[in-house]
Amino acid sequence: PEVIAYVIDGAGMVAFASGDFETAERMYVEAVSLVKDSSDRRLAVDVKNSLGLLAVERGDYAKARDILAECVAQSRSEGDVHGTARHLESLASAQLGLGDIAGAAASWAEGLSVFRDLNDPWGEIWCLGGLVLAAAAAGDPERALRLAAVVDRMSHEWSLSVHSFRVGQLDQASQQAKAKLGSRKSEGIWSDGQAMSTSGALDYALSQGTSDATAAMDAGPLSRREREVAAMVAQGMT
């Protein structure tokens, strides 16, 4: 049953990614039923997490929050550190959908802290992207744009990408931030974010506000001019 559930969950992800939510839901529900009494509790929580993410995508945030909060609680009780971080990242999306900006930011920050300790760039990119959305929702366009630049750089550096729906959310948040800040200021902030060292960027993301941006950048190995050059290179310039 566990192997079948694992395969069905994977097939559900394919249906999810293609926009066939009804098929995805049928698959996820079947996978959950197959492992509800399984001794493999981590798999049981993972397939339930898939069902919660589907509820997020459908805009049923209250249902998603209930499912995903349970996933986080179960992962914590099992001592599954990596699973807890992944499920916190999922829960944050539901929290943001419900307007709980502070709760979403806290969940993404906790997840990012764990992924950083585990040296998991995929998890870091996902949580950083979430913090972009939280900053935008909180009315902090400078922080949102700087973090978006970090996500863009890290995604290219690691050849990793978040799912298409998150890409769209990040693009929208970036465009809104640029509109508020103006083109000249936006270019400078984007260049700073692109040139941040990964360590400095994560420090900044886990800080409380934009006042730590300069300290995080200056803590890196590059001068401001070198950061500008690095940002241009990242954009494909010679």
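Structural notes, computed from the coordinates. If you're wondering where the values come from, they're calculated on a predicted model, not measured in any experiment.

## Points about the overall build of the protein
In step 1: Within the protein, the regular secondary structure consists of 13 helices and 0 strands.
In step 2: Secondary structure of the protein in N-to-C order comes out as α-α-α-α-α-α-α-α-α-α-α-α-α.
In step 3: The buried share of the protein, reckoned over its 238 residues, is 45%.
In step 4: Restricting the contact set of the protein to residue pairs at least 6 apart, pairs at least 24 apart contribute 60%.
In step 5: Roughly 11,500 Å² of accessible area belongs to the protein as shown, and the carbon and sulfur atoms make up 54% of that amount.

## Remarks on the environment of alanine 137
In step 1: Take alanine 137: it is sitting in helix α7 (residues 121-137).
In step 2: Sequence-distant contacts of alanine 137, that is, excluding residues within four places in its chain, are made with Leu96 and Ile101.

## Observations concerning the packing of aromatic side chains
In step 1: Under the defined criterion, the tally for this structure stands at 2 aromatic pairs.
In step 2: Taking the centre distance of 5.6 Å and the plane angle of 80° together, the rings of phenylalanine 16 and phenylalanine 21 count as edge-to-face.
In step 3: Classification of phenylalanine 16 by relative accessible area gives buried; the value is 16%.
In step 4: On the basis of relative accessible area, phenylalanine 21 is assigned to the partly exposed category, the value being 22%.
In step 5: Between the aromatic rings of tryptophan 122 and tryptophan 126, the centroid separation amounts to 6.1 Å while the plane-to-plane angle is 70°, which identifies the pairing as edge-to-face. Placement of the pair is tryptophan 122 and tryptophan 126 together in helix α7, with a separation of 4 residues, close to one helical turn.
In step 6: According to the relative accessible area criterion, tryptophan 126 is buried, its value standing at 9%.
In step 7: The ring of tryptophan 190 is capped by lysine 178, whose NZ or CZ atom sits 5.1 Å from the centre of that ring.

## Observations concerning the side chain of arginine 166
In step 1: Structurally, arginine 166 can be placed in helix α9 (residues 164-181).
In step 2: Overall, arginine 166 belongs to the buried group, its relative accessible area being 2%.
In step 3: Looking at arginine 166, its side chain comes within polar contact range of the main-chain oxygen of tryptophan 126, at 3.4 Å.

## Remarks on the packing of helix α4 (residues 61-78) against helix α5 (residues 81-97)
In step 1: Packing of α4 against α5 leaves a shortest axis separation of 8 Å and a crossing angle of 160°. It follows from the interaxial angle that α4 and α5 lie roughly antiparallel. Here α4 and α5 pass one another in a crossing that is left-handed. Between α4 and α5, the contacting residues are Tyr61, Ala64, Arg65, Leu68, Ala69, Cys71, Val72, Ser75 and Arg76 on the first element and Gly83, Thr84, His87, Leu88, Ser90, Leu91, Ser93, Ala94 and Gly97 on the second.
In step 2: Looking at the contact of α4 with α5 residue by residue, the class counts come to 9 nonpolar, 7 polar and 2 charged.

## What about α5?
In step 1: Counted at 1.5 Å a residue, the expected span for α5 with its 17 residues is 24 Å, and the 25 Å between its end C-alpha atoms agrees.
In step 2: Extensive coverage of α5 is indicated by the burial of 12 of its 17 residues.
In step 3: The inward-facing, buried residues of α5 contact α3 (41-57), α4, α6 (101-117), α7 and α9.
In step 4: The backbone nitrogen of glycine 83 lies 2.9 Å from a side-chain oxygen of the residue at the head of α5, namely aspartate 80.

## Considerations on a nonpolar patch on the surface
In step 1: There is a patch of nonpolar side chains on the surface, built from Val3, Tyr6 and Val7 and spanning about 350 Å² of accessible area.
In step 2: Within the secondary structure layout, tyrosine 6 lies in helix α1 (residues 2-17).

## Considerations on the environment of glycine 111
In step 1: In this structure, glycine 111 sits in helix α6.
In step 2: Note on glycine 111: relative accessible area 0%, which makes it buried.
In step 3: Excluding anything up to four places from it in sequence, glycine 111 contacts Ala85, Leu88 and Cys127.

## Some thoughts on the pattern of salt bridges
In step 1: Evaluation of the coordinates by the stated rule reveals 12 salt bridges.
In step 2: Among the ionic pairs, glutamate 142 bridges to lysine 185, the shortest N-O distance being 3.9 Å. Of this pair, glutamate 142 sits in helix α8 (residues 141-158) while lysine 185 sits in helix α10 (residues 183-195), and the two are 43 residues apart along the sequence.
In step 3: Assessed through its relative accessible area of 46%, lysine 185 is described here as partly exposed.
In step 4: One connected set of salt bridges, linked through shared partners, spans Glu25, Arg58 and Lys63.

Criteria and thresholds
- Residues numbered from 1 in each chain as written.
- Predicted model: local features only at pLDDT ≥ 70, side-chain atom pairs only at ≥ 80, totals over all residues.
- Heavy atoms only, no water.
- Helix = DSSP H or I, 4+ residues; strand = E, 2+ residues; numbered from the N terminus.
- Buried < 20%, exposed > 50% of the residue type's maximum accessible area, 1.4 Å probe, protein only.
- Contact = heavy atoms within 4.5 Å.
- Areas by Shrake-Rupley, 256 points an atom, 1.4 Å probe, with all protein chains shown as cover.
- Phe/Tyr/Trp six-rings, centres within 6.5 Å; stacked < 30°, edge-to-face > 60°.
- Lys NZ or Arg CZ within 6 Å of the ring centre and 35° of its normal.
- Polar contact = N/O pair within 3.5 Å; in protein donor to acceptor, adjacent residues only side chain to side chain.
- Axes fitted to C-alpha atoms, helices over the stretch in contact; angles between N-to-C directions.
- Parallel < 35°, antiparallel > 145°, perpendicular 65-115°, else oblique.
- Left-handed = near helix turned anticlockwise from the far one by under 90°.
- Nonpolar A, V, L, I, M, F, W, Y, C, P; charged D, E, K, R; others polar.
- Expected span 1.5 Å × (residues − 1).
- Patch = residues over 30% accessible without salt bridge, like charges linked within 9 Å, V, L, I, M, F, W, Y side chains within 5 Å.
- Salt bridge = Lys/Arg side-chain N within 4 Å of Asp/Glu carboxyl O.

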